Amino acid sequence: MSSTIEELERRRAAARLGGGQKRIDAQHAKGKLTARERVEVLLDEGSFEELDMYVEHNCVDFGMPEQVVPGDGVVTGSGTINGRLVFVFSQDFTVFGGSLSERHAQKICKIMDMAMKVGAPVIGLNDSGGARIQEGVASLAGYAEVFQRNVLASGVVPQLSLIMGPCAGGAVYSPAMTDFIFMVKDSSYMFVTGPDVVKTVTNEIVTQEDLGGAVTHTTKSGVADMAFENDIEALLAARDFVDFLPASNREPVPERPCEDPWDRLEDSLDTLIPPSANQPYDMHELIRKTV
Ligand code: HXC
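Asks: Is there a simple way to think about the sheet that holds strand 1 (residues 49-51) in this case?
Replies: Remark on secondary structure: sheet strands pair via backbone hydrogen bonds, oriented parallel or antiparallel. Taken in spatial order, the seven strands of this open sheet run 1-2-3-4-5-7-9, and their pairing is mixed. Lying at the two open borders of the sheet, with one neighbouring strand each, are strand 1 and strand 9 (226-228). Put simply, the sheet's adjacent strands are angled 20 degrees from each other on average, direction ignored. Where strand 3 (residues 84-91) and strand 4 (residues 122-126) come together, four bridges link them in parallel fashion.

Asks: What is the right way to read helix 10 (residues 231-242) from this model?
Replies: Helical periodicity: at 3.6 residues per turn, an α-helix aligns residues three or four positions apart in one direction. The terminal C-alpha atoms of helix 10 lie 17 Å apart, and with twelve residues this matches the ideal 16 Å at 1.5 Å per residue to within 8%. Residues Asp231, Ala234, Leu235, Ala237, Ala238, Arg239 and Val242 constitute the buried set of helix 10. By the N-cap criterion, in which a side-chain oxygen at the helix start approaches the backbone nitrogen of a residue two or three places on, helix 10 is capped by asparagine 230, the distance to isoleucine 232 being 3.2 Å.

Asks: Explain the site of the ligand here, please?
Replies: What surrounds the ligand is a group of 22 residues, the closest being Arg23, Gly129, Ala131, Gly170 and Thr193. Note that an oxygen atom of the ligand is positioned 2.9 Å from one of the backbone N or O atoms of alanine 131. Threonine 193 places a polar side-chain atom, nitrogen or oxygen, 2.8 Å from an oxygen atom of the ligand. Notes on the ligand: free accessible area 1,000 Å², of which the protein chains cover 62%. Where the shell around the ligand is concerned, the elements lending two or more residues are helix 5 (137-153), strand 6 (166-168) and helix 6 (170-176). Here the shell around the ligand takes three residues from helix 5, the largest share from any one element.

Conventions adopted
Residues numbered from 1 in each chain as written. Predicted model: local features only at pLDDT ≥ 70, side-chain atom pairs only at ≥ 80, totals over all residues. Heavy atoms only, no water. Pairing = 2+ DSSP bridges. Helix = DSSP H or I, 4+ residues; strand = E, 2+ residues; numbered from the N terminus. Axes fitted to C-alpha atoms, helices over the stretch in contact; angles between N-to-C directions. Expected span 1.5 Å × (residues − 1). Buried < 20%, exposed > 50% of the residue type's maximum accessible area, 1.4 Å probe, protein only. Polar contact = N/O pair within 3.5 Å; in protein donor to acceptor, adjacent residues only side chain to side chain. Near = heavy atom within 4 Å. Areas by Shrake-Rupley, 256 points an atom, 1.4 Å probe, with all protein chains shown as cover.

Below is the structure:
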């Protein structure tokens, strides 16, 4: 019995350490939090219930049996934000660059299924190089399962993606299908593939920032909704944002106390919008006076 507990403790410690202290230090040096630290900031203190902490990959090629990390590069589970239930996955860049294996995908699909069943938002903390190259089509098939759930969950439960590292391939296609995308300036990227692969294939030299940085996606492409200065700011904004969302299409929108009388008259609205569609006006003023 004690040897079983010791083995569990060993695996738990290995899961917490992810890809090792050196890679954790590298993550911190880039101004990024680790997958577990992000979950801590996002959720109410002590509310996180982790699932599948000991899941390992099943790849037998390319020396992979010698490189096994319990949890397989993604932390999954449920918790609360200001008392309301949410499901979360947080990819661990220190484990094979957070890339998605067959088992990694199964962990994400499991919490997505649970979220749809009970009617609660799914929040993805994405920090992943996409499909795990060593697994070939098995990892691509894993993404197919995730994409399928992105589609099934659409309009059923809110799906929020935080892009928190250099995300490529499927790690971008899946978030792109979700309802809201937050990015972190200077450390998060969304591209089909990274600049090195672009250079090899097309001989074109392009920076990560131009290819898919937070500024590019919030000012040019419109792929992302908001850009934040750092991980903490993005995670705290996600907490605030979730407060505005219904938990599912079966739930009413959240209500909060309001001091604004329902019969308030705002006479300036009569003249705020100019009669000519060619004339500009302050949209923020309009929203402030109406909402
Ligand atoms: C396995 C990966 C990986 C991947 C990164 N790593 N991406 N391992 N599969 N997809 C590993 C690296 O080998 C490295 O391991 C560690 O993660 C960190 O990666 P670096 O390259 O050192 O980091 P960085 O310089 O920050 O660059 C990050 C990156 C780059 C921009 C994401 O790694 C990159 O371009 N990766 C390939 C991305 C890609 O082409 N993905 C597309 C997959 S196809 P060590 O051991 O050195 O720490 C796909 C299609 C889905 O997703 C379609 C579904 C139908």
